[in-house]
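This is what each chain is made of:
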Amino acid sequence: MMRPMRYLTRFLFLLGGLCLLKASYIPAKKGVGDILIERAWRLSQASGKPVHPWPWMDTVPLARLSVPKLGDSEIILNSSSGQALAFAPGHLPQTAKPGQSGLSVIAAHKNTHFDFLEHVEIGDIIEVENLNGDVTRYKTTSLDIIDKNDFEVDLNTHENQAKIALVTCYPFSRYSYGGPLRYIVHGEAIPESSLPQTGK
């Protein structure tokens, strides 16, 4: 009778270990990916040419997104493919590039790279630095929750102003994935002339 109990105990320990391993996989992948993508960003800025984070990666760094108030910063990749979004926020290629006129759409997972969007408020500043070092500052104008089927980007509108939309799943939870809702942070570029002047 003791032997079956011993096997059952061992099996339960093994099962618990596998569950812990699975739970730590996503954070571990994010940590390693972040280091390699950060390195590729620095090399891209230094050389002026996009550098792949690793040889078989299908995308390259495009820009760095920051929310100074929250102290959060993420490298944006130039693709929104499944592989790209597994490691970093991705730019929807059919939309304007960050900093350019028009709407730039950037997407990421809510339980990794865009978990901080939950704490962004209307009026907060979002900064986007391009490879050449130019920084565009956006002021958050609205926070929306919509059905994923209702999110459309009108590529035929030619806006003079640079706008940004940061998109992730909703509600914010580390224990759920996907779902029908999307959380969108909208921002509009602030003209340089309206920014506070620092030092002389």
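Provided above is the structure to which this section pertains.
These lines cover the structure that appears in this document, whether it is placed above or below. (Residues numbered from 1 in each chain as written. Predicted model: local features only at pLDDT ≥ 70, side-chain atom pairs only at ≥ 80, totals over all residues. Heavy atoms only, no water.)

### A short note on the environment of Leu92
Mapping Leu92 onto the fold places it in the loop between strand E3 (90–91) and strand E4 (102–107). Judged by its relative accessible area of 15%, Leu92 falls in the buried class. Once the C-alpha coordinates of Leu92 and Ser79 are considered, the two residues, 13 residues apart in sequence, prove to be 6.2 Å apart. With residues up to four places along the chain from it excluded, the contact list for Leu92 reads Ser80, Val105 and Ala107. (Helix = DSSP H or I, 4+ residues; strand = E, 2+ residues; numbered from the N terminus. Buried < 20%, exposed > 50% of the residue type's maximum accessible area, 1.4 Å probe, protein only. Contact = heavy atoms within 4.5 Å.)

### Here's the deal with the side chain of Thr136
Mapped onto the elements, Thr136 comes out in strand E6 (residues 135–147). Discounting chain neighbours no more than four positions away, the residues touching Thr136 are Gly99, Ile126, Glu127, Val128 and Ala189.

### Notes on the pairing of strand E8 (residues 181–189)
Both E6 and E8 contribute to a ladder of 9 bridges, which runs antiparallel. Opposite Asp147, over in E8, you have Leu181 as the bridge partner. Sheet topology note: the strand E7 (residues 162–170)/E8 ladder contains 8 bridges and is antiparallel. Bridge pairing in E8 links Val167 to Ile184. (Pairing = 2+ DSSP bridges.)

### A few points about the pairing of strand E2 (residues 72–77)
Pairing geometry for strand E1 (residues 61–67) and E2, over 6 bridges, is antiparallel. Paired with Val67 across the bridge in E2 is Asp72. Hairpin geometry of E1 and E2 is characterised by an intervening segment of 4 residues between the two adjacent antiparallel strands and by a positive phi of about 75 degrees at Gly71.

### Topic: the nonpolar core
The biggest cluster of nonpolar side chains holds 21 residues, and the ones touching the most others in it are Leu65, Leu117 and Leu166. Mapped onto this core, the elements with two or more residues apiece are E1, strand E5 (125–130), E7 and E8. For this core, the element with the most residues is E1, which contributes 4 residues. In contact with Leu117, not counting residues within four places along its chain, are Leu166, Thr168, Phe172, Tyr183 and Val185. Counting residues in each nonpolar core, the second largest holds 9 residues, with Ile37, Trp54, Leu77 and Ala84 among its members. (Core = buried A, V, L, I, M, F, W, Y, C linked by side-chain atoms within 4.5 Å.)

### Comments concerning the pattern of salt bridges
Going through the model one piece at a time under the given rule, you end up with 5 salt bridges. Where Arg64 meets Glu38, a salt bridge forms, and the shortest distance between an N and an O atom there is 2.6 Å. Here the residue Arg64 occupies a position in strand E1, and Glu38 occupies one in helix H1 (residues 2–47), the gap between them amounting to 26 residues. The salt bridge partner of Lys163 is Glu188, with a shortest N-O separation of 3.9 Å. Residue Lys163 is found in strand E7, and its partner Glu188 is found in strand E8; the two are separated by 25 residues along the sequence. The exposure class assigned to Glu188 is partly exposed, which follows from its relative accessible area of 29%. (Salt bridge = Lys/Arg side-chain N within 4 Å of Asp/Glu carboxyl O.)

### Re the packing of aromatic side chains
Under the defined criterion, the tally for this structure stands at 5 aromatic pairs. Look at Trp54 and Phe87: their rings are 4.8 Å apart centre to centre, the planes differ by 70 degrees, and that puts the pair in the edge-to-face class. Pair noted here: Trp54 is in the loop between H1 and E1 and Phe87 is in the loop between helix H2 (82–85) and E3, with a separation of 33 residues, a long-range link. In this structure, Trp54 and Phe87 share a single accessibility class: buried. Ring geometry for Tyr170 and Tyr183: centres 5.7 Å apart, planes at 15 degrees, overall stacked. Taken as a pair, Tyr170 in strand E7 and Tyr183 in strand E8 lie far apart in primary sequence, 13 residues in all. Judged by its relative accessible area of 9%, Tyr183 is buried. (Phe/Tyr/Trp six-rings, centres within 6.5 Å; stacked < 30°, edge-to-face > 60°.)

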